Amino acid sequence: MDSLTQETLHKIQSVVIDQIRKEPVKSVDHITERISYQDFFVKYLLPNRPCLLSSYVTAKWRSVKEWVKEDGQPNLDFLASNFGDALVPVADCNKVQYYAQPKTDMKLVNYIEYWKDHISKGHKSKEGCLYLKDWHFVHVFTEYQAYETPIYFTSDWLNEFWDLRSDRTDDDYRFVYMGPKGSWTPFHADVFRSFSWSANICGRKKWLLFPPGEERHLKDHLGNLPYDVTSCELHDGKKYPNYKNACQPFEVVQEAGEVIFVPSGWHHQVYNLEDTISINHNWLNGCNIDIMWEFLQQELCTIQKSISDCIDMEGWHNQCQLIMKASTGIDYAEFFLFLHIIASHRLQLLRRCSRQMSEQVVSKSSDLDQLKHDNTHDDDSVSKLNYEHTKSLEVCKTQKLSGELPTTENSKSLCEDDTSTHLLSGTFESMAINEISACQRLPDSSQESVWHAVFDIDQVKKILECLMKNEEFQELENNVLCDDPKQIYRNICDALNEYSL
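Residues numbered from 1 in each chain as written. Predicted model: local features only at pLDDT ≥ 70, side-chain atom pairs only at ≥ 80, totals over all residues. Heavy atoms only, no water.

Asks: What is the right way to look at the sheet that holds strand 13 (residues 276-283) in this model?
Replies: Backbone-to-backbone hydrogen bonds join strands into a sheet, with any given pair of strands oriented parallel or antiparallel. Pairing is mixed across the open sheet formed by 9 strands, whose spatial order is 1-2-11-8-13-6-5-3-4. Single-partner strands in this sheet number two, and they are strand 1 (29-31) and strand 4 (103-107). On average, each strand axis in the sheet is tilted by 25° relative to the strand beside it, whichever way the strands run. Across 6 bridges, the pairing between strand 6 (residues 174-179) and strand 13 is antiparallel. The residue bridging Met178 from the neighbouring strand is Ile277, located in strand 13. In this fold helix 6 (residues 108-120) packs onto strand 3 (87-92), strand 4, strand 5 (130-135), strand 6 and strand 13, with an angle of close to 100° to the strand it touches most, strand 4. (Pairing = 2+ DSSP bridges. Helix = DSSP H or I, 4+ residues; strand = E, 2+ residues; numbered from the N terminus. Axes fitted to C-alpha atoms, helices over the stretch in contact; angles between N-to-C directions. Contact = heavy atoms within 4.5 Å.)

Structure (structure tokens):
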């Protein structure tokens, strides 16, 4: 695997990411051979471009082996016998409620019975087309390793943050979808304008993808997006006056085993062409956190306009935040906490790497001394160790890691560290502190993890700069925020100076 090197990140910082994103997408790449993390980062994550990864990514997954029969059909008997008592959310694809498909809960075993009956009747049972959606499988079956997140999607701030929440123990952004041929998901963009990836365990899907900004041509005269982007209703010029300016969507057929990457803000509509099971994640990281921030500002602006007649009421700004939390799933205070925890984890990782690299230098120096005093040594061995020792020193000097920086082994000790301020106080005292390794959220290479962490911290810094200048954020009461934003910002700046690119 190629590393995200210092040179790579220098190049990233020398360009404006917004300009990269403006380059038009002409097609959705189908990646049939293994690609390095660095290449994926530069070609797809930063420019916010969709792509389709071939089945080499999922070939060894347990779910692919156990949830699928030899003929490629879902192994419904296995699913019912192993997970049948689980309560799952099921959507009715034939009904519309508030621009969405209404959901009910049922036991998986009952859904499997429906699915078998639906198949036996040519996918035309009296219950209609029911689609199991947004099942938090990983949360329910924590010991069953159904899959391994592909390396390209492991820098996942969203689930990293949600995994720490003691107040949302049944929630995350990892889902299993199961549905018969003909089931579908209406037109939408993903939560918080996050990235998403979706892997077909079996079956086939058709995706209709619209680049960011195209959705404005699809709104009706009241500003509402369509429920079904393929509806003939969109040709009504009076109701959809701008539809004539809309581009044609990118149409992608996803086969069994393939994984699709859907970038931030790409609205889409999805169909199951066969009986299909898929695994989906929503996720965020330093490549799209600015898009989330822009989305949150737009959402708050909409809310403020809707209750502008009450602007003189006491606590109006806090009321807007409450509405935002209820409708969007997050408010500015929680967004600030989100940024704080991600930065703290990355600082933790850098300290761990600093200690490890310092230990490597000491070890190689000791080996070199021992070899020089060993009568059996040869010149080639000494030269090799001299070279390795010199390179280790250069790495430490370049990254300013040779000093004795404080290290932490888990989030508990992190809370007691001076550089990363205390994670818990005020409203968020219910936040659990788990022993979680930040390096589990980044690519495996030590060098890659270090520079990725620096990139992440730099992106947090940029958003914090905007957040602290934001009038609505400044209006928040002091007891709503868990820590002083200015102090956290200074800590981040100090860290970036220490690990300067």
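Asks: Help me out: how do you make sense of the sheet that holds strand 9 (residues 205-210) in this one?
Replies: Read from one edge of the open sheet, 4 strands run 7-12-9-10, paired in antiparallel fashion. The sheet is open, and its two borders are formed by strand 7 (184-188) and strand 10 (250-254), each paired with just one other strand. Going from strand to strand, the sheet's axes swing by 15° on average, the running direction of each strand aside.

Asks: Honestly, the pairing of strand 12 (residues 267-272) in this entry has me stumped. Any pointers?
Replies: Successive residues of a regular strand alternate their side chains across the two faces of the sheet. The buried count for strand 12 comes to 6 of 6 residues, which makes it a mostly enclosed element. What you see with strand 12 is no split at all: His267, Gln269 and Tyr271 on one side and His268, Val270 and Asn272 on the other are buried throughout. In this sheet, strand 12 lies alongside strand 7 in antiparallel orientation, the contact comprising 3 bridges. Of the residues in strand 12, the one forming a bridge with His188 is His268. Two strands pair when backbone bridges link them, and strand 9 and strand 12 are joined in this way by 6 bridges, in the antiparallel orientation. Opposite Phe210, over in strand 12, you have His267 as the bridge partner. (Buried < 20%, exposed > 50% of the residue type's maximum accessible area, 1.4 Å probe, protein only.)

Asks: Sorry if this is basic, but what is going on with the packing of aromatic side chains here?
Replies: For any pair of aromatic rings, the description consists of the separation of the ring centres together with the inter-plane angle of the planes. Using the criterion set out here, one finds 45 aromatic pairs in the structure. Ring centres 5.1 Å apart and planes at 85° place the aromatic pair Phe83 and Phe137 in the edge-to-face group. A residue pair is termed long-range when its members are at least 10 positions apart, and Phe83 in helix 5 (residues 76-83) and Phe137 in helix 7 (residues 137-140) qualify at 54 residues. The exposure class of Phe83 is buried, given its relative accessible area of 4%. Classification of Phe137 as buried rests on a relative accessible area of 1%. Where Trp162 meets Tyr173, the ring centres are 5.3 Å apart and the plane angle is 80°; that geometry is what we call edge-to-face. Placement of Trp162 in helix 8 (residues 157-162) and of Tyr173 in the loop between helix 8 and strand 6 is noted, with a sequence separation of 11 residues between them. Using a relative accessible area of 1% as the deciding quantity, one classes Trp162 as buried. One aromatic cluster in this structure is built from Phe40, Tyr44, Trp61, Tyr147, Tyr152, Phe153, Phe195, Trp197, Phe261 and Trp283. (Phe/Tyr/Trp six-rings, centres within 6.5 Å; stacked < 30°, edge-to-face > 60°.)

Asks: Explain the nonpolar core here, please?
Replies: Generally speaking, a soluble globular protein has its nonpolar side chains buried in company with each other. In terms of nonpolar packing, the biggest core is built from 68 residues, with Met292, Phe335, Phe338 and Leu464 touching the most fellow members. The element that contributes the greatest number of residues to this core is helix 11 (residues 332-372), accounting for 14 residues. Beyond its immediate stretch of four places on either side in the chain, Leu464 contacts Phe336, Leu339, Ile488, Tyr489 and Ile492. Of all hydrophobic cores here, the second largest spans 53 residues; its members include Tyr37, Leu108, Ala146 and Ile201. (Core = buried A, V, L, I, M, F, W, Y, C linked by side-chain atoms within 4.5 Å.)

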